[in-house]
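Architecture and fold: a report
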Amino acid sequence: MTTSPQLPHRAHLLDAVRGFALAGIIAVNIADITEIGAALDPMHDDPVRDVLDFTVQTRFVPVFAFLFGMGLWFVQDGARRRGAAVWAVLVRRLVALFAIGALLWLIYPGNILAEYGVVGLVVMPFVLLLPRLPVLLLGAVGTVAAYVSTGGGVLSLPGLMLLGAGSAAFGLPWVAERGTRWIGVVFGGAAVAAVPAALWQTTTPGDPRFTTPGGIAGVVMAIAYTAGFALLWHTPAQRVLAAVFEPLGRMALTNFVAAAVIAWVAGPALDLQHGADSWPVVVIGVLSITVQSIASRLWLRRFTYGPVEWSWRVVTRWGHVPVLRRPSTSG
């Protein structure tokens, strides 16, 4: 895949969307890690969990996978510009991510990091060898096929990653950063489609991650959420969105791991397995996201990367990576 012209600035909207998606994923992860209500009858009434199933579950993982594919393109593009061995750079990066996920498996079995590492290795040759249009088309076909056949799940990851890589190659982050009317068109279409999709989900109760209607409703609402966020970004709300979500997104891997540790400690400490409903998940999620957003902002005042991101980058580049911010000079 060919490189693009030198990009003029960091895509701040992309960081904020990543933080927004991470916030949704954290809410799902906390429920999984704490195993809230696991000791109760699985048929017991839990209105809060029902709300989460229709607003959060399956709604943010597609966004995260799409952004991960964008990240693959950014890394290979940067490696080409530096004259580095692109294949080696990406292999080290993806193997390192698998290792982080495998280590996190000790407290959070089933976390997505190991899967992303493996699937990333599978799609890597396509990203590196094919022009951007075939990558984009393969991603679109693979994504549609996965959702039609199984409702998403792991099978949707290759398509979403290729779709993200192809979109990055065409400059989507900077097009969205500038703001165009097509964002409103995408939001309107997805918002309208989300209504019948959510109604369809009601026909198959249970965890939407394991039903076709739940998965399809999830990806439709994921598009609506992301486009709606992008629309708000071009309003006075941008200042709040940037303050809350951009630090989370710039330290997404660190915050993902930290949230898992928080949930792992909170579960037994609060005896959440015997919790009658899922409201503690919402409380812990909001507190975790708030604290992590503040901590990330403070950290990034002195450091260029989060601690896990820095370690990951050192392995990716296989060399020293400065982490301290250079003091600004004036006059």
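These lines cover the structure that appears in this document, whether it is placed above or below. The model shown is predicted, which means the values in this text are computed figures rather than measured ones. (Residues numbered from 1 in each chain as written. Predicted model: local features only at pLDDT ≥ 70, side-chain atom pairs only at ≥ 80, totals over all residues. Heavy atoms only, no water.)

1. With respect to helix 6 (residues 132–150)
The condition that has to hold: Helix and strand labels come from DSSP, where a helix needs a run of H or I of at least four residues and a strand needs a run of E of at least two; each type is numbered from the N terminus. Working rule for helices: expected span equals 1.5 Å times residues minus one. Working definition: with a 1.4 Å probe on protein chains only, accessible area under 20% of the residue-type maximum means buried, over 50% means exposed, and in between means partly exposed. Taken from the helix axis, the directions to the C-beta atoms give the arc we talk about. For this analysis, residues touch if any pair of their heavy atoms sits within 4.5 Å.
The end-to-end C-alpha separation of helix 6 is 27 Å, in line with the 27 Å expected for 19 residues at 1.5 Å each. Turning to helix 6, its buried residues number three or more, namely Val 135, Gly 139, Thr 143, Ala 146 and Tyr 147. Burial along helix 6 is one-sided: seen end-on, the buried residues are contained in an arc of 90 degrees. Looking at helix 6, the residues exposed on the side facing more than 90 degrees away from the buried face are Val 141, Val 144, Val 148 and Ser 149. Those residues of helix 6 that are buried lie in contact with helix 3 (61–82), helix 5 (112–129), helix 7 (156–169) and helix 10 (212–233). Trailing helix 6 by a residue or two, Gly 151 shows a phi angle of about 80 degrees, which is positive.

2. Notes on a nonpolar patch on the surface
Here is the rule we go by: A patch is a set of surface residues, each over 30% in relative accessible area and not in a salt bridge, joined within 9 Å for like charges and within 5 Å for the nonpolar side chains Val, Leu, Ile, Met, Phe, Trp and Tyr. Exposure was quantified through the Shrake-Rupley algorithm and a 1.4 Å probe, taking into account, for residues, occlusion by the shown protein chains and nothing else. Salt bridge, as used here, is a side-chain nitrogen of Lys or Arg placed within 4 Å of a carboxyl oxygen of Asp or Glu.
On the surface, a cluster of nonpolar side chains totalling about 190 Å² of accessible area is made up of Val 91, Val 95 and Leu 121. For Val 95, the position within the fold is in helix 4 (residues 86–104).

3. Comments concerning the packing of helix 1 (residues 12–34) against helix 3
To describe two helices that pack against each other, one gives the angle between their axes and the distance between the axes. Note the following rule: Here the axes come from fitting lines to C-alpha atoms, over the contacting stretch only for helices, and the angles between their N-to-C directions go from 0 to 180 degrees. Roughly parallel refers to an angle under 35 degrees, roughly antiparallel to one over 145, roughly perpendicular to one between 65 and 115, and oblique to any angle outside these ranges. For any pair of crossing helices, the crossing counts as left-handed if the nearer helix is rotated counterclockwise from the farther one by less than a right angle, and right-handed if it is rotated clockwise. Here the nonpolar group is Ala, Val, Leu, Ile, Met, Phe, Trp, Tyr, Cys and Pro; Asp, Glu, Lys and Arg are the charged ones; every other residue, Gly included, is treated as polar.
Interaxial distance between helix 1 and helix 3 falls to 9 Å at its minimum, and their mutual angle equals 140 degrees. Relative to helix 3, the element helix 1 lies oblique. For the pair helix 1 and helix 3, the crossing hand works out as left-handed. Contact with helix 1, carried on its side by Leu 14, Val 17, Arg 18, Ala 21, Leu 22 and Ile 25, involves Val 61, Val 63, Phe 64, Leu 67, Met 70 and Phe 74 of helix 3 and no other residues of that element. Its residues assigned to classes, the contact of helix 1 with helix 3 shows 11 nonpolar, no polar and one charged.

4. Some thoughts on the pattern of salt bridges
Counting across every chain of the model gives five salt bridges. Here Arg 18 and Asp 15 are joined by a salt bridge, their closest N and O atoms 2.9 Å apart. Of this pair, Arg 18 and Asp 15 both sit in helix 1, three residues apart, roughly one helical turn. Residue Arg 209 is joined to Asp 207 by a salt bridge in which the shortest nitrogen-to-oxygen separation is 2.6 Å. Exposure remark for Asp 207: the relative accessible area of 22% places this residue in the partly exposed category. If you follow the salt bridges from partner to partner, you end up with Asp 32, Asp 207 and Arg 209 in one network.

5. Concerning the environment of Ala 16
Looking at the secondary structure, you find Ala 16 in helix 1. With a relative accessible area of 0%, Ala 16 lands in the buried category. Along the backbone, Ala 16 and Val 283 are 267 residues apart, and their C-alpha atoms lie at a distance of 22 Å. Apart from residues lying up to four places away in sequence, Ala 16 is in contact with Phe 229, Trp 233, Phe 245 and Glu 246.

6. A closer look at the packing of aromatic side chains
Our working definition: Any two of the Phe, Tyr and Trp rings considered here, Trp counted by its six-membered ring, make a pair once their centres fall within 6.5 Å; the pair's planes then place it as stacked at under 30 degrees, edge-to-face at over 60, or tilted in between. A ring is scored as having a charge over it whenever the NZ atom of a lysine or the CZ atom of an arginine sits within 6 Å of its centre and within 35 degrees of its normal.
Counted under the stated rule, the structure contains 11 aromatic pairs. With a centroid separation of 5.7 Å and an interplanar angle of 80 degrees, the aromatic rings of Phe 74 and Trp 174 are classed as edge-to-face. Here Trp 174 lies in helix 8 (residues 172–178) and Phe 74 lies in helix 3, a separation of 100 residues in the sequence. Of the residues examined, Phe 74 reaches a relative accessible area of 25% and is grouped as partly exposed. The class for Trp 174 is buried, based on a relative accessible area of 9%. Through a chain of ring-to-ring contacts, three or more aromatic side chains come together here, namely Phe 20, Phe 60, Tyr 225, Phe 229, Trp 233 and Phe 245. Taking the ring centre of Trp 312 as reference, the NZ or CZ of Arg 93 above it sits at 3.7 Å. Residue placement shows Arg 132 over the ring face of Phe 170; its charged tip is 4.1 Å from the ring centre.

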